[in-house]
Structure formats: structure tokens, C-alpha cells
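Summary of the model geometry
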Amino acid sequence: MKIAVASGKGGTGKTSISASLVLARPENLALDLDVEEPNLSILLGAFEGGVLPVTMPIARIEGSKCVECGKCARSCVFGAIAWMGAGFPVINDSLCRGCGLCPRVCPTEAIYEEDQTVGEVRSGTCGGIPFLEGRLRVGSVNTVRVIEETVKKAKAFNRPDWLMDCPPGTACPVAASLRHADMALLVTEPTPFGRSDLEGMLELTADMNIPTALVINKTGIGDLSLDDLCTRFGVEVLARYPFSRSAAECGARGESPFKTDAGWAEITRTLWSRIERRYS
Ligand code: SF4
Ligand code: SF4
């Protein structure tokens, strides 16, 4: 089973819970798809393995061949080519998706594509656990490309069970991760921000038709009820982790509370048995 651990916002403890689930079932392939800020490996242990670059083709214009017709700018649906009605067009690298259309429409073959590194994938083991991590290059915006490449490499591991630590939020990066999941585990907290962002995530997983369950973290930090959302979206709360100073201190030290907090570890084991009973 491929499980996506996601949250509508950052700071809910998603990665702590992902790491705990992996440590409790180390036969899972651990995937860090939070490529803008990957930190799952810190909680799992020492990384051993290799690093592979993630590239994508970016359009380039050869000025000497351009007849300044503007066809390329009119054809790019991503708005990556600026043309002022005369002169050479200018390509914005960070908006180009490498779709390959503009080289085809250019009448003089003035446009070519050049591979650009947009990130990397670390592949190997972390604390002895099979592990893959996508990492977006600083300054690059091609988050989805790095996620897709990480998932592609994960398929080559030939492991049936994945635990994916997904990007926070409800935008394209999390959707690109969720589409590989058999179930989504949404981590939230009982606060107004937590509730609001959870609602967005529940709408997303419902639209994508992904079986979904909740984990409420930091119970006690707020008292907002999520029962009406559970009823509306037909989801169940599988675990509640109390707000704990020791868990927060563990995170600050770069350790997983699963290794140091017996109560936290017990909740994680119960969470696994509930997942396996209901979704396997
Ligand atoms: S390759 Fe596609 S996305 Fe990039 S500039 Fe050309 S048309 Fe736009
Ligand atoms: S389509 Fe080709 S020739 Fe026309 S403006 Fe673009 S690069 Fe220049």
C-alpha cells in the first residue's frame, strides 16, 4: 500500500508523524516529496547512497535566426515568452515548462532546447531504511518535475509499500504526490488555521477520489472540534497525538519522538494497526 502523509499547512507535525510511521514499519520505502524543504532524513538517521540530478529542457532563442514574428510568444500558454510586438522575444526560464511547443511553431528553427538542472534525487538508505528524497534546486520553481522524477525512481525500487511525506498546502505539488497514493493520511491540529487548511485538503482528496483518514496532532493546544468535517467528508480520526513538550524538543534536536517517547510510539503502533485493518 502507498500511503501519502499530507497536511493543508506547514507546522502540523506531518514529518514527525511520517518518520514515526516509517520507523515503526522500516520495510516501507520512505519517500520525501516535500522537495522545497526535505527534512525526513534528519529524523530517520544517516543517509547512505547516491545523488542524481533532475533536469528539464528549457527553450532558448538563437537571435541570428529569429525574424521577430512573435509566433512563439503567442503559442506559449504558460506566458514564458515575452514579446513587445517587435524585436526579439525573451524567455523567462522560471516559467518555461519545457513543453516543446515553441520550437515547433518557430518558422525559422530559431528555438532550441537546453537541459537545465532543476533539482536532485537522493537515493539509498536512511538509518538502514530504503529511502528517496527529492530536493528542488535553490531558485528553481519546477517543484512538480522534481516530485515526478523522485516517484519515477521510487518505482524502480520494486517495493509494494511506500510512505510518502508530501509537500504542505493544497496546490499542484501535493496533488502531484497524492495521485500516486492508495490512501491519504491528513495530519491536522485542532486550531482555526488547522481546521481551515484541513477543509481544503479534504476537498482535494475527495475530488481525487482517494480514501482519506485523519491524524490530529497537538491535541490540547486548541479545542476546535473537527467532527462536522469528519461527518461531511465521511472520514475517520485514526490517531490523536497530545501536544507534548518532549516531542517538540525532539524535533528541535533533529530526533524522532518515536525513539524517545513511549506514549508517542504506542500511538504510532495503534495508528498502523488501524490503517492496516481498514485500508489493506
Ligand atoms: S517550451 Fe513550452 S513552456 Fe517553454 S517557452 Fe516554449 S512553449 Fe513556453
Ligand atoms: S517564432 Fe521564431 S522567429 Fe518568430 S519570434 Fe519566435 S523565435 Fe523569432
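This section reports on the structure supplied with the text.

The rules we used
Residues numbered from 1 in each chain as written. Chains lettered and ligands numbered in written order. Predicted model: local features only at pLDDT ≥ 70, side-chain atom pairs only at ≥ 80, totals over all residues. Heavy atoms only, no water. Core = buried A, V, L, I, M, F, W, Y, C linked by side-chain atoms within 4.5 Å. Buried < 20%, exposed > 50% of the residue type's maximum accessible area, 1.4 Å probe, protein only. Domains from an automatic or database assignment. Contact = heavy atoms within 4.5 Å. Helix = DSSP H or I, 4+ residues; strand = E, 2+ residues; numbered from the N terminus. Near = heavy atom within 4 Å. Nonpolar A, V, L, I, M, F, W, Y, C, P; charged D, E, K, R; others polar. Pairing = 2+ DSSP bridges. Right-handed = clockwise from strand over helix to strand, strands pointing away. Phe/Tyr/Trp six-rings, centres within 6.5 Å; stacked < 30°, edge-to-face > 60°. Lys NZ or Arg CZ within 6 Å of the ring centre and 35° of its normal. Salt bridge = Lys/Arg side-chain N within 4 Å of Asp/Glu carboxyl O.

Focus: the nonpolar core
As a rule of thumb, soluble globular proteins bury nonpolar side chains together. Met 164, Leu 178 and Leu 186 are the most contacted members of the largest nonpolar core, which totals 50 residues. Domain assignment of the residues forming this core places at least three in each of domain 1 (2-55 + 120-279) and domain 2 (63-109). Not counting residues within four places of it along the chain, the set of residues in contact with Leu 178 comprises Ala 4, Ala 184, Met 201, Leu 204, Thr 205, Met 208 and Ile 210.

Overview of the environment of Leu 224
Considering the arrangement of structural elements, one finds Leu 224 in the loop between β10 (212-219) and α8 (227-233). Residue class for Leu 224 comes out partly exposed when judged on its relative accessible area of 31%. Residues Leu 224 and Thr 55, spaced 169 residues apart in sequence, show a C-alpha to C-alpha distance of 44 Å. The residues contacting Leu 224, other than those within four sequence positions of it, are Pro 190, Thr 191, Pro 192 and Arg 195.

So, the site of ligand 1
In the vicinity of ligand 1, the contacting residues are Ala 59, Cys 76, Phe 78, Ala 80, Ile 81, Cys 96, Arg 97, Gly 98, Cys 99, Gly 100 and Cys 102. A breakdown of the residues in the shell around ligand 1 according to their chemical character gives 8 nonpolar, 2 polar and 1 charged.

Quick word on the site of ligand 2
If you check the shell around ligand 2, you find 13 residues, and the closest are Cys 66, Cys 69, Gly 70, Cys 72 and Cys 106. Its residues assigned to classes, the shell around ligand 2 comprises 9 nonpolar, 2 polar and 2 charged.

Examining the pairing of strand β11 (residues 236-242)
As paired elements, β10 and β11 share 6 bridges and run parallel to each other. In the sheet register, Ala 213 faces β11, and the bridge partner there is Glu 236. You can see the chain leave β10, run along α8 and come back into β11, and the turn it takes is right-handed.

With respect to helix α1 (residues 14-24)
Of all 11 residues in α1, 11 are buried; the element is thus mostly enclosed. Of all the residues in α1, the buried ones are Lys 14, Thr 15, Ser 16, Ile 17, Ser 18, Ala 19, Ser 20, Leu 21, Val 22, Leu 23 and Ala 24.

What to know about the packing of aromatic side chains
Remark: the centre distance and the inter-plane angle together describe each pair of aromatic rings, the angle taken between the planes. Applying the stated criterion across every chain, the model contains 2 aromatic pairs. On the numbers, 4.3 Å between centres and 45° between planes, the contact of Tyr 241 with Trp 264 is tilted. Within this pair, whereas Tyr 241 is found in strand β11, its partner Trp 264 is found in helix α11 (residues 262-279), the two being separated by 23 residues in sequence. In this structure Tyr 241 comes out as buried when scored by relative accessible area, which is 0%. A cation over an aromatic ring shows up here: Arg 122 above the ring of Phe 47, its NZ or CZ 4.4 Å from the ring centre.

So, the pattern of salt bridges
In this structure the tally under the stated criterion is 21 salt bridges. Among the ionic pairs, Glu 189 bridges to Lys 9, the shortest N-O distance being 3.2 Å. With a gap of 180 residues between them, Glu 189 in the loop between β9 (183-188) and α7 (192-207) and Lys 9 in the loop between β1 (2-6) and α1 connect regions that are remote in the sequence. Relative accessible area serves as the criterion here: at 8%, Glu 189 is assigned to the buried category.

Digging into the environment of Thr 219
Looking at where Thr 219 falls in the secondary structure, it is placed in strand β10. A residue is classified by how much of its surface remains accessible, and Thr 219, at 25% relative accessible area, is partly exposed. As a C-alpha pair, Thr 219 and Leu 271 span 52 residues in sequence and 16 Å in three-dimensional space. In this view, Thr 219 contacts Pro 190, Arg 240, Tyr 241, Pro 242 and Phe 243; residues no more than four positions away in its chain are not counted.

Geometry only, nothing functional implied.
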